[in-house]
Every structure is written in C-alpha cells, then in structure tokens.
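Understanding the architecture of this molecule
As a plain string of letters, each chain reads:
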Amino acid sequence: MDKRIIKKVAVLGSGVMGSRIACHFAGIGLPVVLLDIVPAEAKESDNKAARNKIVNDALAAAVKSNPSPIYTKDVVKKITTGNFDDDLKDIASCDWVIEVVVERLDIKQSLYERVEQFRKPGTLVTSNTSGIPIGMLAQGRSEDFRKHFCGTHFFNPPRYLRLLEIIPTPDTDPAIVDFLMDYGDRFLGKTTVLAKDTPAFIANRIGVWGMMAIFGLIDKMGMSIDEVDALTGPLIGRPKSATFRTADVVGIDTLVKVAKGVFDNCAQDEQRDVFQIPSWLNKVVENNWLGDKTGQGFFKKTKGAGGEKEILTLDLKTLEYGPRVKPKFASVDAAKPVEDLRQRLQMLTAAPDRAGEFLRHFHYGLFSYISHRIPEISDEVFRIDDAMMAGFGWEIGAFESWDTLGVERSVAKMKEAGYAVAPWVDEMLAAGNKTFYKVENGRRQSYDPATKTYKDIPGGGDFIVLQHNPQVWKNSACQVHDIGEGVLGLQWSSKMNSIGGDVLAGINKAIELAEKNYKGLVIANEGPNFSAGANVGMIFMLAIEQEYDELDFAIRLFQNTMMRVRYSSVPVVVAPHGLALGGACEMSLHADKCCPAAETYTGLVELGVGLIPGGGGTKEFALRASDEMHEDEPETITLKNRFLSIATAKVATSAFEGFNLGVYRKGLDEVVLNQGRRVAVARQSVAEMFDAGYVQPVPRTDVRVLGRSALGSLYAGIHGMESAGYATAHDALVARKLAFVMCGGDLSEQSLVSEQYLLDLEREAFLSLCGERKTLERIQGVLKNGKPVRN
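It is worth spelling out the packing of helix α15 (residues 341-350) against helix α18 (residues 398-405) at this point. Helix-helix packing is described using two parameters, namely the angle between the two axes and the distance between the axes. At a closest axis distance of 9 Å, the pairing of α15 and α18 adopts a crossing angle of 70 degrees. Between α15 and α18, the angle is such that the two are roughly perpendicular. For the crossing formed where α15 meets α18, the hand is right-handed. Taking contact as the criterion, the partners of Arg 342, Leu 345, Gln 346 and Thr 349 in α15 are, on α18, Glu 400, Ser 401, Thr 404 and Leu 405. For the contact of α15 with α18, a count of residues per class yields two nonpolar, four polar and two charged.

Core analysis: the biggest nonpolar cluster contains 113 residues, and Phe 244, Phe 298, Phe 399, Trp 402 and Trp 424 have the highest contact counts within it. Looking at this core, the element that brings in the most residues is helix α9 (residues 203-221), giving twelve residues. Contact partners of Phe 244, with chain neighbours within four places excluded, come to Phe 215, Ile 218, Ile 225, Val 228, Asp 229, Trp 280, Phe 298, Phe 299 and Leu 316. Among the nonpolar cores identified, the runner-up in size contains 86 residues, and Leu 490, Leu 639, Phe 659 and Val 734 belong to it.

Strands sit in the order β12-β13-β14 across an open sheet of three strands; the sheet is antiparallel. Of all strands in the sheet, those with a lone pairing partner are β12 (437-440) and β14 (453-456), marking the two edges. Strand-to-strand twist of the sheet, defined as the mean angle between neighbouring strand axes without regard to direction, takes the value 40 degrees. Here strand β13 (residues 443-448) runs beside β14; their pairing, made up of four bridges, is antiparallel. Following the sheet pairing, Asp 448 is matched in β14 by Thr 453.

With that out of the way, let us pick up the pattern of salt bridges. Enumeration over the complete set of coordinates arrives at 60 salt bridges. Residue Arg 141 is joined to Glu 116 by a salt bridge in which the shortest nitrogen-to-oxygen separation is 2.7 Å. One end of the pair, Arg 141, is in the loop between α6 (134-137) and α7 (143-147); the other, Glu 116, is in helix α5 (residues 105-118), and 25 residues separate them in sequence. Residue class for Arg 141 comes out buried when judged on its relative accessible area of 16%. The class for Glu 116 is partly exposed, based on a relative accessible area of 21%. With a closest N to O distance of 3.2 Å, Asp 171 and Arg 146 form a salt bridge. Taken together, the residues Asp 171 in the loop between β7 (163-168) and α8 (174-186) and Arg 146 in helix α7 connect sequence positions 25 residues apart. Judged by relative accessible area, Arg 146 falls into the partly exposed class, the value being 24%. Overlapping salt bridges bring together Arg 205, Asp 269, Glu 270, Arg 373 and Glu 376 as one network.

Turning our attention to the layout of surface pockets. Its volume calculated, the second largest pocket comes out at about 880 Å³. The wall of the second largest pocket is formed by 36 residues, among which Ala 532, Gly 533, Ala 534, Val 536 and Val 782 lie closest to the centre. Looking at the lining of the second largest pocket, the elements with two or more residues in it are α22 (536-544), α23 (548-566), β20 (578-581), α24 (583-590) and α32 (773-785). With four residues, α22 is the single largest residue contributor to the lining of the second largest pocket.

Helical periodicity: at 3.6 residues per turn, an α-helix aligns residues three or four positions apart in one direction. When helix α19 (residues 407-416) is considered as a whole, its buried residues turn out to be Val 407, Ser 410, Val 411 and Met 414. Looking straight down α19, one finds that the buried residues subtend no more than 100 degrees of arc, so they occupy a single side. Elements in contact with the buried residues of α19: α16 (354-372), α18 and α20 (423-430). The positive-phi residue at the C-terminal boundary of α19 is Gly 418, with phi of around 95 degrees.

Here eight strands make up an open sheet; going across it, the order is β3-β2-β1-β4-β5-β6-β7-β8 and the pairing mixed. Across the chains shown, the open sheet's two edge strands, defined by having one partner strand only, are β3 (79-83) and β8 (191-194). Sheet twist, expressed as the average angle between the axes of neighbouring strands with direction ignored, equals 25 degrees. By the bridge criterion, five bridges tie strand β2 (residues 32-36) to β3 in an arrangement that is parallel. Bridging from a neighbouring strand, Asp 36 pairs with Asn 83 of β3. Of the strands in this sheet, β7 and β8 are in contact with helix α17 (residues 381-392), which crosses β8 at around 140 degrees.

About the cut-offs
Residues numbered from 1 in each chain as written. Predicted model: local features only at pLDDT ≥ 70, side-chain atom pairs only at ≥ 80, totals over all residues. Heavy atoms only, no water. Axes fitted to C-alpha atoms, helices over the stretch in contact; angles between N-to-C directions. Helix = DSSP H or I, 4+ residues; strand = E, 2+ residues; numbered from the N terminus. Parallel < 35°, antiparallel > 145°, perpendicular 65-115°, else oblique. Left-handed = near helix turned anticlockwise from the far one by under 90°. Contact = heavy atoms within 4.5 Å. Nonpolar A, V, L, I, M, F, W, Y, C, P; charged D, E, K, R; others polar. Core = buried A, V, L, I, M, F, W, Y, C linked by side-chain atoms within 4.5 Å. Buried < 20%, exposed > 50% of the residue type's maximum accessible area, 1.4 Å probe, protein only. Pairing = 2+ DSSP bridges. Salt bridge = Lys/Arg side-chain N within 4 Å of Asp/Glu carboxyl O. 1 Å grid on protein atoms, 1.4 Å probe; cavity = no way out; pocket = protein on both sides within 12 Å on 5 of 7 lines; lining within 4 Å. Points joined across faces, edges and corners; volume = space filled by probe spheres on them. Arc of directions from axis to C-beta.

Next up, the structure:
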C-alpha cells in the first residue's frame, strides 16, 4: 500500500458538498484550502473580500446549517478560503486535491488543466462527481495525474453519512486505491466501498431503483404517500425519512436526474423500465415542487386556522395537498412492538394484508435487482450491503435482508410471483450454500460468486461485532462475549438500550468474570445508540407507588455498579456511539477509558425530567471540578461551569465536543472516527492497560468541596434565572438540590470529603425529587411523548 501522509487538503468548489467536505477534513484536524470562482461582478476588482464572496458565503452558510457539518466551532479556523484565479497556486502545498465543481465535463476538464500547472507530482486528485463517468474526466492529462486520479464520492451530509465510494479508472495506480480505501476508513471514519465506474455507482443505483420501484408499486396497488412512508421507514430498518420524505430532502429533481441517467445509460439493465419517470412525477417537477429547496414537494408545511404548524401530503392522483392520514394495518400493529428487526421483517413479509403484499413485492423486486447487479456494479455482495447501510442508512443490507427471509424459501416464492434471480444465486443454492453471509471462527464471511466459495470480509479483525464471538454468559437483557486477546465484551438489548436492573446485574457479572479469567472488559452496544440512559419507566413506577425503599435500593445499585466500573481489579473501557445520555454518560465518566465514536451525543440530561444525575454523575462532576481547581480560586469558575453543564442538561453534539463538556478527558479518552472500529480500539486499550501492569484504583477521600462559599453564589444565580423567567419554580428547586450536592452540602468552610459522602448526598437529593409531583409529570411526559412536560 502507498505509505503517503496527508498533511493538507484542497477542496475545489464550495457548494453544498464542497464546503461540507472541507469542514469534515478540518474536523479531523487537517488544514484545508477551499477555493471557488470569482463572482462575475468582481472580476476586475482588487478587493479580496469581493473576489472571495462566493466561497466565503458558502462556508458561512454551511457552518450555520443544521445538522452542523463541524465537530466543534474551532474547526473553521483550519479552513483557508480563496478563489481559482488568485489562489490555485496554493494547491502546490497540498497532498490531496478534491474537485467538487458543477457537474459539467467541460468545466471539470478545464479546471484539471489548470490544476496540473500547480500540483506537485504524486499529489492525489479526485472528483466527487456522481453523474459523469470517472474514466472521462482525466482524459488528456499527464500520466502522473491519471495514475493518481480516481473518483471519491461522498454522500451528503458528509459528516453524518458514512459512505465513501472509491471509483478507480483503468489508469489509477492500485496502490492509490488501497491507500484511499484505508484512509477513508481510518481517518475520515467512512465505510469505504470499492465501486465500478458504472452509472450512479453502487448506492445511488440501488437506492434510486428502490424509490422508483416503490413509485411503480404505488400505481399498481393504489397506495398513498402516507401509507408508503409508514411501511418503508424504521419499521423495516430504514431511516425515519422513509421514501417520500427522503425525496423531499434530497431534492425531487435530483432523484429524477439520477433515474434518467440510469435509464439513458444502462440499456442492458433488465429492470430499466423501472427508471422511467411516471407522468405524475414529471408533473411534480414541472410545478417546481422539488421538496425542501422550494418549500414543497411530496409534503408541504403550512399553518392551520389556529396558527399551528401543519404538514400536508400530496395526493398523487389529484396532485392536491391534504391533511396527513395515519395508516392502519393489522400487520404493522402486530409487528411494531417487536424489537428485533429480523423477526419483524419476517412477520411483515408473511402478513396477508395490503402491507404484507406491498413489502413482499418490494423485497422480491429488490432481491432480483441486486442479484443481477453482480458483477456489473460490484464483484462482492458485501460491498452492495455496505453501500446501502452507510449511504442510505439501512440497518441491514439488501443481501442480509434476503438471508433474514430465507434465501431458498424466498427464491421459490419469487419465481412463483414472476421475479427472476441471477443464475449465480441458483448455483449457490444448488451447491448447498443457503446464505450470503456466515460466521466462521468469529470472522464474518460473505459468499463470493466468482469463486463459488465463502471469503472473509476484508478488515474483519478491526470491525468487531460482539455477537459474532463466543458467548460466555447471558441474562434476559445482556450478553457477555469473549472478543479475543483475553478481553470480554458486554452488550445489552432493551428499548433505546436503557439501563435497568438486568443490565446492572449484567455489568457486575461481566466484571466478575473478567476479574477471574480475563484481562478486562469492553462495554459497547450495537444498533443506532449506545444507551438513552436509565430506565425512567421503572423509576416512575416505584415513585408513583411510593416504594421509596425499593427506589433507594435501585439508586444504590446504580451507584455501586458505576463505582464497580471504576474500582474493579481489571481495566473497563466503554465504547459508546449515538446517544449516550444520563446513566450511559455516568458509565462513561466512571470507566478507565472511553473510546467514543465521533458521532456520540452525550451529556447528563436528568434535569430535563426534574431529577439530578443519581448514578454517580453529580459526584463525578464535583470530583473533576475539585481536581481542576487552583488553591487561589475559592469560588472557581470550574465548579460553576460544571454545575451549568448539568443544570442546563447540555448534550455534546459530537465526541469532540464531549471533551469541552468535561465528559471525556484529554490525553486519556480517545475518539474513534470510524464507528465500526470502536470495539477493536477499546479491546486494544484494555489489553495495553493490563499488559502495562494495571493496578486497581483506590476510592477517593480527598475531593475538595467549597460548601457555603460557593453555595451562596450558585443559589443567587438560580434565583436570578427564576426571577427573570428563564427557569420555572421547579427548575429552581432541582437546581438548588444539584448545587447543594456539588458544593458538598451546607459546610461552613472548604473541606475534603470522600466519594461516598458525595454519593450519599446525591442519592438523598435524587430520592427527594422523586417525591415531587412536577418531577413525576415530567417523567410521564417522556414516557408518553418522548419529551418532558415543561412545568
């Protein structure tokens, strides 16, 4: 593999994609040069600001956009803006030049000609194009240029969508392809997928087929937009935006453009007619109803008679908007409570109602289509699945879905329904191979149609899936696995991966097992989120029934378990991703080390439901404030900042921001850019700590608390917020309880106290708040609506 080091990047083109790609590279710590054209009206101007107006405005708009393209506010300082006329020479100092200009071959080729004047030999040059064959772009360029050129197709928004398609040309040096596949994975946090230079590459080819196929099913089955989006979202492991909302977000004109491109350029596609644009879709585009960018598409936001916001849905028969209608399907009602996606898919596709019929036809068509795309767009089945999961947010890939429904059984039913499969699938089944994926010796393998054998999926050792490893122990919620190198891995499964009694029992048991026979423990979870925190439903039931002894026991158990995480005789490393809130944040605070994925959203959010962190989080923030204090600061700003983080229920919008929030520790905790690598990194950390002679820590008895000197100041601030109307009376009550604990109580002077002293104060405050009616109302609001009632 090419051993180059990327020290600086140039991004040419500052539109929606270019500016966000620049932000992502800056986010991983690289200096970036972002260039664009000079505005027509500034061509003769000497004013730098005027000449850079397009690029500066684009970057400013990107930084303000939601979701944010930057991990922290400081990221923007690493981006230097300029224009093609004055600053293209600056690419001479860059190791990678990424072109993201308008989708016109002549414009791109003209820019490459200018790039070649300034790039130093060996510099990577790649294009983010999605609509022009990669092989055409570098025609006429030098051998060195062509050798270092290929397609790098990011998905929008590049910070959040993990797919990066790498598309080489016949002239691309294979070592460069290997380098980009590795760099995109390890440094950019991407699922890098090797794609062939075919129209729409992999993800858009399959994804747009899926949307167009659904449009065809709508016409055949008379389905409505609301019905389809109810059936093609989280219910079957797809994003909330489902089908039509996704089209509105992406842009209906963009969808139509890609579909037309496939229809025009894929004459041999056996399902080419699926990409024909239906008359009603042409009419939508003609009306300029292109989705979010024009204010209306398949959905339209409006205001009702009372001024409240209302979302209307387009009727595809009349092309008129009307109120949204919540669909009712018996099969959906039966399947929704089922947490396991694979089991849910099996139930839904077997259902006799219209929903079941729709989903059967959709999946049969999908399975037929993907089977025929090999080897056209990819030689391997796993690359197609990786592309769909990383680019379109599918929980499981298309071939994995086929495995879930049973390949042999599905093929028989598909043929009965008139859906053909590619010959290699029949050959696979005839040879006795019944699945596309299997696990051998803890390594995941996929079927390879070319050799008619199973092969290890590349990089499998770096992408540890806990359940693919030998199970050591389990209870109703948790599983403990031997993940290799003498390390155990713990995961659990519950709604939003919330932490209840069974999970706490599992944590204690996993540590016990690790202390006996292993080097240590990694705590991680699969699915969209690590954990949304403690089981508030259990807290609510105990509080409403006034079972305070039981509640006291439950809080003690949570606190003791978190202290067990901190004070075990083996290293415990937590590897969170997605949501890691409340109790999950407290677990991170007590671990020997945290290896969060870059997209980890963490914080102590208990004040949102009228409680304080009761699993050691309040204690830990007081302890860390103590360690950060200086002797000459009797009322340290550190304590106030940590108090405010809890009091305002702040949530870090990235793992990097988690350091600023004080959850993660600089020099100790480690952000993992690629979410799929976090367990492997955590396992390595456990092994390294153990091999370095890990010694069990001793509970602290030297936590400096400030008592009344800080308590008065915090109380005054709380009173001011309440008087100004920024906090309700209940908010103020909870904040005072929090301040009391963090200051160590009503002590007359600064004192050194133990962790247990603070835990006792924390538990007493938590229990007292559980008896407050308004706290119970807030918890009930979360259980009913997903968010607390403001009271």
